[in-house]
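Listed here are the chains, written in short residue letters.
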Amino acid sequence: MNKLNLCIIFGGKSAEHEVSLQSAYNIVAAADREKYNLTLIAMNKEGKFYLCDSLDFLENSDNPKNIKIKNTDNEIAFIPGERGNSIYSLRDNKVVDPIDVIFPIIHGPFGEDGSLQGLLKLIGVPFVGAGVVGSAVGMDKDIMKRLLRDNDIEIADFIIYRDIVEADYSIAKEKLGIPMFIKPANLGSSVGISKVSNKDEFFNGLKKAFKFDGKVIVEEFIDGREIECAVKGNLKAEATFPGEILPTDDFYSYEAKYINETGAILKIPAELDNKIADDIKEIAKETYKLLETRGLARIDFFVTKDRVLVNEINTLPGFTKISMYPKLWKNEGVKYPDLIDELIALAIEEFKNNDKLLSTI
Ligand SMILES: Nc1ncnc2c1ncn2[C@@H]1O[C@H](COP(=O)(O)OP(=O)(O)O)[C@@H](O)[C@H]1O
Ligand SMILES: [Mg+2]
């Protein structure tokens, strides 16, 4: 079998940069070298792209707080339309080795929101995960929730602010009750999120969220279990039996996700009746489809005594060995390296389908 030239793109210009490095580290370690030649591209925090000189590309790889990309001076540019030969080294003045498929694993803005996907689409190389639309609507909690609501999928009630001067505590409290959750509309990993119960906390929470995004979502508090479901596929998708997050802190914070090992417990499979688990799997697949997702996604739920609500979709979920997404597949018998193979096959399938479309009349 011919080896595929697999390019992994990671890092990114967002608060989730370090998380992406951990995901990339695990993918590099697990990708089968009999099947893939690896090319590694790092996006730094300024949004510039660099080719890594070797597969040993990280400093402090075992310390999530200090993990960072090793220095490289090999800045690259992308040449649209050149397909596999689109990656150009500005240092060496030449095209980098050809690429067959790209696995972008940049979480959050610029990586998971459709911008990087647009660039990869222009290049003309298959890439893992949702395309431009699926990535963009999946990232924007406001648009995502409106689409879900429009399709009768239950979500928490919410208000959107574009500017802090629009916010009125009494009106918000009247509509949503207390406590409320305040979040930047386009981010992830719990960055910039607050749980607030009075006017001071409300405005402090808004100030914090507006530091990260020009659009902020305020939600009613849902007192429920946090249940997550992994989905993979293109138009036809499959879902796993759900898992549960048991935060030991007040909520599932950034620290609990990535820094403090005891901050949350992942329970896989979740203790759920088969009937509820089946409902969750169906809603997960429906959400996946109506948000135009491709490749993979993790759909997160709140489950109360009598309701199943979708909290959010993550179109490029955390992909470290200990992340929920790969663990849910492992529970179904899909090992981490096989999962990588499947996601790459889905990327190629999706690319071929789109490549068949006419571009002239
Ligand atoms: N409406 C809500 N009710 C209760 N808890 C919430 C609510 N929204 C968020 N949370 C808590 O905050 C965490 C992060 O919020 P989430 O919407 O998943 O944002 P992110 O995209 O940053 O992961 C959730 O995992 C949950 O613990
Ligand atoms: Mg979340």
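Residues numbered from 1 in each chain as written. Chains lettered and ligands numbered in written order. Predicted model: local features only at pLDDT ≥ 70, side-chain atom pairs only at ≥ 80, totals over all residues.

Visitor: Just to check I follow, could you spell out the overall build of the protein for this structure?
Guide: Tallying secondary structure elements over the protein gives ten helices and 19 strands in all. On C-alpha atoms alone, the protein measures out to a radius of gyration of 20 Å, which is about the 21 Å that the 2.2 N^0.38 rule sets for 361 residues. With respect to the three principal axes, the spread of C-alpha positions in the protein is 60 × 50 × 45 Å. For the protein, the residues scored as buried account for 44% of the 361 residues in total. A separation threshold of at least 6 residues defines the contact pool for the protein, and within that pool the share at least 24 residues apart is 64%. (Helix = DSSP H or I, 4+ residues; strand = E, 2+ residues; numbered from the N terminus. Rg over C-alpha atoms; globule rule 2.2 N^0.38 Å. Buried ≥ 20, exposed ≤ 12 C-beta atoms within 10 Å, placed from the backbone. Contact = placed C-beta atoms within 7 Å.)

Visitor: Honestly, helix α9 (residues 324-331) in this entry has me stumped. Any pointers?
Guide: Because each turn of an α-helix spans 3.6 residues, side chains separated by three or four positions end up pointing in the same direction. Three or more residues of α9 are buried, namely Met324, Tyr325, Pro326, Leu328 and Trp329. Among the structural elements, β14 (225-233), β16 (243-247), β17 (264-267), β18 (295-303) and α10 (336-355) are those in contact with the buried residues of α9.

Visitor: What exactly am I supposed to notice about the domain arrangement of the protein here?
Guide: Interface extent is often summarised as the accessible area lost during association of the parts. For the protein, the domain assignment lists domain 1 (4-127), domain 2 (147-151 + 223-354) and domain 3 (157-220). If you average the C-alpha positions of domain 1 and of domain 3, the two centres end up 34 Å apart. Within the side of domain 1 that touches domain 3, the residues separate by chemical class into three nonpolar, two polar and two charged. (Domains from an automatic or database assignment. Nonpolar A, V, L, I, M, F, W, Y, C, P; charged D, E, K, R; others polar.)

Visitor: Help me understand the site of ligand 1 in this model?
Guide: Close contacts around ligand 1 come from 18 residues, with Gly188, Glu219, Ile222, Phe251 and Tyr252 the closest. Counting only elements with at least two residues in the shell around ligand 1, the list comes to β11 (180-184) and β19 (308-314). Looking at side-chain class alone, the shell around ligand 1 contains nine nonpolar, four polar and five charged residues. When residues of the shell around ligand 1 are sorted by domain, at least three fall in each of domain 2 (147-151 + 223-354) and domain 3 (157-220). (Near = placed C-beta within 6 Å.)

Visitor: Quick question: what am I supposed to make of the sheet that holds strand β10 (residues 158-161) here?
Guide: By definition, the strands of a sheet pair up through backbone hydrogen bonds, in either a parallel or an antiparallel sense. On the basis of which strands lie adjacent, the open sheet formed by four strands has the order β10-β13-β11-β12 and antiparallel pairing. Two strands bound the open sheet, and with one partner strand each, they are β10 and β12 (194-196). Within the sheet, the average angular offset between the axes of one strand and its neighbour, ignoring direction, is 25°. Judged from the five bridges that link them, β11 and strand β13 (residues 216-220) form a sheet pairing that is antiparallel. Looking across to β13, one finds that Phe181 is bridged to Glu219. (Pairing = 2+ DSSP bridges. Axes fitted to C-alpha atoms, helices over the stretch in contact; angles between N-to-C directions.)

Visitor: Any chance you could explain the sheet that holds strand β1 (residues 4-11) here in plain terms?
Guide: The four strands are arranged β3-β2-β1-β9 in an open sheet whose pairing can be described as mixed. Whereas interior strands pair on both sides, the edge strands pair on one side only; in this sheet they are β3 (49-51) and β9 (101-104). The mean inter-strand angle of the sheet, taken between neighbouring strand axes irrespective of direction, is 25°.

Visitor: Even after reading the chapter, I still don't get the environment of Arg162, so can you show me in this structure?
Guide: Tracing the backbone through its elements, the reader meets Arg162 in the loop between β10 and α5 (169-176). Classification of Arg162 by C-beta neighbours within 10 Å gives exposed; the count is 11. Sequence spacing of Arg162 and Lys215 is 53 residues, and the spatial spacing of their C-alpha atoms is 4.7 Å. Setting aside residues no more than four positions away along its own chain, Arg162 makes contact with Gly214 and Lys215.

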